[in-house]
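Residue strings, one per chain:
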Amino acid sequence: MRLSLLLLLLLLPGPPPTLGMEDDASFPHLGESSQPPPRACPPRCSCPRLDTVDCDGLDLRVFPDNITRAAQHLSLQNNQLQELPYNELSRLSGLRTLNLHNNLISSEGLPDEAFESLTQLQHIYVAHNKLSVAPQFLPRSLRVADLAANEVTEIFPLTFGEKPALRSVYLHNNQLSNAGLPPDAFHGSEAVATLSLSSNQLSYVPPSLPPSLERLHLQNNLISKVPRGALSRQTHLRELYLQHNQLTDSGLDATTFSKLHRLEYLDLSHNQLAAVPAGLPRTLAVLHLGRNQIRWVEAARLGGLRGLRYLLLQHNQLGATGLPAGALRPLRGLHTLHLYGNRLDRVPQALPRRLRALVLPHNRVAALGARDLASTPRLAELNLAYNCLASARMHFQAFRRLRALRSLDLAGNQLTQLPSGLPTGLHTLRLQRNQLRALEPEPLAGLHQLQELSLAHNRLRVGDIGPGTWHELQALQVLDLSHNELSFVPPDLPEALEELHLQGNRIGHVGPEAFLSTPRLRALFLRANRLHMTSIAPEAFLGLLHLRAVDTTGNPEPVLVHLPPTAPHRPRAVGP
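The shown structure was predicted, so the numbers you read here are calculated from the model rather than taken from an experiment.

Visitor: Outline the nonpolar core, listing residues and values.
Guide: Counting residues in each nonpolar core, the largest one holds 150 residues, and the members touching the most others are F399 and L455. Beyond its immediate sequence surroundings of up to four residues, L455 is in contact with L418, L431, Q432, L436, L439, L460, W470, L479, D480, L481 and N484.

Visitor: Break down the state of the cysteines for me, with residues and values.
Guide: Summed over the entire model, instances satisfying the criterion amount to two disulfides. Here C41 pairs with C47 through a disulfide, and the sulfurs are 2.0 Å apart. Handedness here is read from the sign of the S-S torsion; for C41 and C47, about 85°, the answer is right-handed. On the basis of relative accessibility, which here comes to 16%, the residue C47 falls in the buried class. Note on cysteine connectivity: C45 is disulfide-linked to C55, with sulfurs 2.0 Å apart. Since a negative S-S torsion denotes a left-handed disulfide, the C45-C55 link at about 110° is right-handed. Taken as a pair, C45 in the loop between α1 (2–11) and β1 (46–49) and C55 in the loop between β2 (52–54) and β3 (73–75) lie far apart in primary sequence, 10 residues in all.

Visitor: Can you explain the pattern of salt bridges? Please cite residues and give values.
Guide: Evaluated as defined, the whole model comprises 11 salt bridges. For E214, the salt bridge identified is with R215, shortest N-O distance 3.7 Å. R346 is the salt-bridge partner of D372, the closest N and O atoms lying 3.1 Å from each other. Taken together, the residues span a long stretch of sequence, with D372 in the loop between β15 (357–359) and β16 (381–383) and R346 in the loop between β14 (336–338) and β15 at a distance of 26 residues.

Visitor: How would you sum up the packing of aromatic side chains? Please name residues and give values.
Guide: Throughout the structure, instances matching the rule amount to three aromatic pairs. Centroid distance F160 to F186: 6.0 Å. Interplanar angle 10°. Geometry classified as stacked. You can see F160 sitting in helix α3 (residues 157–160) and its partner F186 sitting in the loop between β7 (168–170) and β8 (194–196), a full 26 residues away along the chain.

Cut-off values and rules
- Residues numbered from 1 in each chain as written.
- Predicted model: local features only at pLDDT ≥ 70, side-chain atom pairs only at ≥ 80, totals over all residues.
- Heavy atoms only, no water.
- Core = buried A, V, L, I, M, F, W, Y, C linked by side-chain atoms within 4.5 Å.
- Buried < 20%, exposed > 50% of the residue type's maximum accessible area, 1.4 Å probe, protein only.
- Contact = heavy atoms within 4.5 Å.
- Disulfide = S-S within 2.5 Å.
- Helix = DSSP H or I, 4+ residues; strand = E, 2+ residues; numbered from the N terminus.
- Salt bridge = Lys/Arg side-chain N within 4 Å of Asp/Glu carboxyl O.
- Phe/Tyr/Trp six-rings, centres within 6.5 Å; stacked < 30°, edge-to-face > 60°.

Structure (structure tokens):
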């Protein structure tokens, strides 16, 4: 019976079915391979997907000729290509991403019609090549165009014009002058949000920029003026970078920024401004005016900036009279004020009450009165490093109102003793490069939250460190006593200490009890002392189970370091 059934099936038209299988669609027919056909991929390249060809960094000098027509993403970056053959590109009409970054492609090697057939191209990267002019035509479908770091001196109306989906254009580090930018360079491209023209040769802000811009980079040019109305249509602009130019007061007027109703970040640093510009937008959160020639801050020009968070005025010429008392008081939301290097002879008065960070290093502040900081009770960071402060002219109540202070930097002054009345909430205290000769416990009393203390480059000797000096520093983790006059490790150091800097002292011996009080020590720096081969007692590190590094370089002799044998990880002993 079974034999008759088989004969009957063989006589029926069509291919014989497979017994027991309801659907043979997933099985190969006679003569077909069970493996899919291999993908076409150029030699040495990788093709992880049918639509992706990756030929990065292969030292290619010739455009690959075996790229599948199905490719949508082609990367040829980091090669030595000098030209793009039109015939090869025209085959790849489905390309969406073309990455030619870091090759040797010149404008002569890029035919005008090179991109005509790439009607779906969205991202093109041709940065770090040898282009002297931009391509005359780029596809209408483009969203991102990167031509940075070439030698481009000219772009054309259809390079970036008539691109309704274009969002980002990068032209920084080229040789563009204003003559190389046509007035209709972005006509019909009403979605451009980011434009980078930094590090070119522009002498003024181009007047025909896209009105849709949100970020505009014009730093590192030769810009000396912003023509009237040049920024009047950019009402969506949020970030404007004009630093490192040649702007003077006459190159700006009261209307320059007046239409930028959404501007949050404005950088005018490294110019030649003598005054704070007029007409600044009320929406500003960050205003960078550092490295100018500003001699006077007019309160009226900042009065409307109540949302300003960061004001940077470092390295100007304010001197003793350039920042009148109360000039910044209207900036109610101000968080950080930078006044580094302005030849100020005192802390500015009547500052905004909500100020959190006051940065005043490298000035000429010589005294700190009882009420000099009274207007800023919320300060968390105060930097008075490298001024002319002397202990005799620091009032013992100078810091009394600063209950929120966490970081105090008094480095590089002329202090001979620790300041009194330090805020008990301090986490960081920097007193390096002063003239401290003695430490007493009273000024450090109550600093239970102090985690880092720097006393480097002073004149401290162990005998001048009073008993109990470290007693209340229960949270101290980093102590820097480097470059003093210590002859041995100070006793009774804080138990929480993890990092101890003793380099550049006069230490000639480390006894067995030197670190009994610091069982959590992880890093110890003893370089450039007076240690010899057997100067460190074998038992000195016995209880330091967390020790990771010991630096004894720069001593007269290689130092024998006995590391704790039971440490979870053997520490690294650095020595000659």
